[in-house]
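An overview of the molecular structure
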Amino acid sequence: MDKQFWITDQIIDVNECISKVTRAEAGAINTFIGTVREFTKGKRTVYLEYQAYASMAEKKLAQIGEEIASKWENTETSIAHRIGRLEISDIAVVIAVSTPHRNDAFEASRYAIERIKEIVPIWKKEHWENGTLWIGDQKENISYEKSMPKKEDMQND
Amino acid sequence: MIDVLFFAELQEAVGKGKITIEADGITVKSLKTNFLSDYNLENIDHAMTAVNEEYAEEETIIKSGDTVAFIPPVSGG
């Protein structure tokens with residue numbers, strides 16, 4: 001895998017993401033791992049299905065990496081997101097950020113996951129025991145108020 | 001020819017992920033109202049639109065050869 005930001009239907013190797021940001025200037029590598037949760041507000045998930053507009057999603061993940069580089073000095077970011085059928089506790093997303101100092105690494109990886117939920121074309125379909133639903137955005141909206149991301153969602157800062 | 005891509009619930013509503021239409025120089029809005037009105041896509045106005053993999057406005061002009069994607073609220077992570 002020569003990409004730094006990628007969509008895959010295979011199990012994500014966390015160490016592969018980490019190795020892509022490992023370097024001599026880094027004093028910290030923060031990893032965020034998003035996994036499939038069984039219970040949401042008491043409702044039991046049987047499994048999840050993720051779909052992506054893969055080519056655009058990889059570009060948008062790379063854009064998030066650029067945004068991070070412009071917000072925090074001297075960062076390297078790698079993000080992998082899995083698609084297809086995922087079982088409970090499977091890894092859906094891995095974010096690795098390396099920085100000279102730890103605080104920036106924590107902040108930048110938090111930023112990355114929030115941005116994924118705003119601009120990266122990946123969708124999650126819940127499969128419950130008694131039905132299915134394509135999930136809307138993190139604010140639990142099932143539609144956008146406008147047909148564009150909000151201005152602040154589109155900007156780098 | 002314009003390729004139009006659908007994802008998530010929109011893909012299920014159309015019954016496939018991609019359709020191709022004969023058109024050139026139309027707006028995103030016109031694509032929705034004139035070309036996609038036969039499909040049961042009541043949520044299409046709640047989706048974002050991407051032209052050639054970049055988010056686009058309703059007034060953006062789509063040319064032959066472009067790829068348009070309708071992007072419902074995303075839920076990755």
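Residues numbered from 1 in each chain as written. Chains lettered and ligands numbered in written order. Predicted model: local features only at pLDDT ≥ 70, side-chain atom pairs only at ≥ 80, totals over all residues. Heavy atoms only, no water.

The name given to chain B in an unreviewed UniProt entry is Molybdopterin synthase sulfur carrier subunit, and the organism recorded there is Virgibacillus necropolis. The record in UniProt for chain B states the following under Subunit (unreviewed entry): "Heterotetramer of 2 MoaD subunits and 2 MoaE subunits. Forms a stable heterotetrameric complex of 2 MoaD and 2 MoeB during adenylation of MoaD by MoeB. During catalysis MoaD shuttles between the two heterotetrameric complexes." In its Function (unreviewed entry) section, UniProt records this for chain B: "Involved in sulfur transfer in the conversion of molybdopterin precursor Z to molybdopterin." (UniProt positions renumbered as here; feature names shortened; annotations may be inferred.)

In the annotation of an unreviewed UniProt entry, the entry for chain A reads Molybdopterin synthase catalytic subunit, and the organism field reads Virgibacillus necropolis. On record in UniProt, under Function (unreviewed entry), the comment for chain A is "Converts molybdopterin precursor Z into molybdopterin. This requires the incorporation of two sulfur atoms into precursor Z to generate a dithiolene group. The sulfur is provided by MoaD."

**Quick notes on the overall build of chain A**
On a plain count of helices and strands, chain A comes out with four helices and nine strands. Buried positions account for 48% of the 157 residues belonging to chain A. Expressed as a percentage of contacts within chain A between residues at least 6 apart in sequence, the contacts between residues at least 24 apart total 74%. If you sum the accessible surface of chain A, you get close to 8,200 Å²; carbon and sulfur atoms cover 47% of it. (Helix = DSSP H or I, 4+ residues; strand = E, 2+ residues; numbered from the N terminus. Buried < 20%, exposed > 50% of the residue type's maximum accessible area, 1.4 Å probe, protein only. Contact = heavy atoms within 4.5 Å. Areas by Shrake-Rupley, 256 points an atom, 1.4 Å probe, with all protein chains shown as cover.)

**Description of the packing of helix 2 (residues 54-71) of chain A against helix 3 (residues 102-119) of chain A**
All names here are of chain A. Two numbers describe how helix 2 lies on helix 3: the axes approach to 10 Å, and their chain directions differ by 140°. With respect to the hand of their crossing, helix 2 and helix 3 are arranged in right-handed fashion. Contacts between helix 2 and helix 3 involve Lys-60, Leu-61, Gln-63, Ile-64, Glu-67, Ile-68 and Lys-71 from the former and Ala-108, Tyr-111, Ala-112, Arg-115, Ile-116 and Ile-119 from the latter. Of the residues that constitute the contact of helix 2 with helix 3, the class distribution is eight nonpolar, one polar and four charged. (Axes fitted to C-alpha atoms, helices over the stretch in contact; angles between N-to-C directions. Left-handed = near helix turned anticlockwise from the far one by under 90°. Nonpolar A, V, L, I, M, F, W, Y, C, P; charged D, E, K, R; others polar.)

**Considering the confidence of the model for chain B**
Regions with low pLDDT should not have their predicted coordinates read in detail. Predicted confidence across chain B gives a mean pLDDT of 95, with 100% of residues reaching 70 or more. The ipTM for the predicted assembly is 0.96, set against a pTM of 0.91. (pLDDT = per-residue confidence, 0-100.)

**Some points on the sheet that holds strand 5 (residues 54-56) of chain B**
Taken in spatial order, the five strands make up an open sheet running 2-1-7-4-5 (chain B), and their pairing is mixed. Single-partner strands in this sheet number two, and they are strand 2 (18-21) and strand 5 of chain B. Strand after strand, the sheet turns through a mean of 30° between neighbouring axes, direction not considered. Packed on one face of the sheet, helix 2 of chain A meets strand 4 (48-51), strand 5 and strand 7 (67-71) of chain B and runs near 100° to strand 5 of chain B. (Pairing = 2+ DSSP bridges.)

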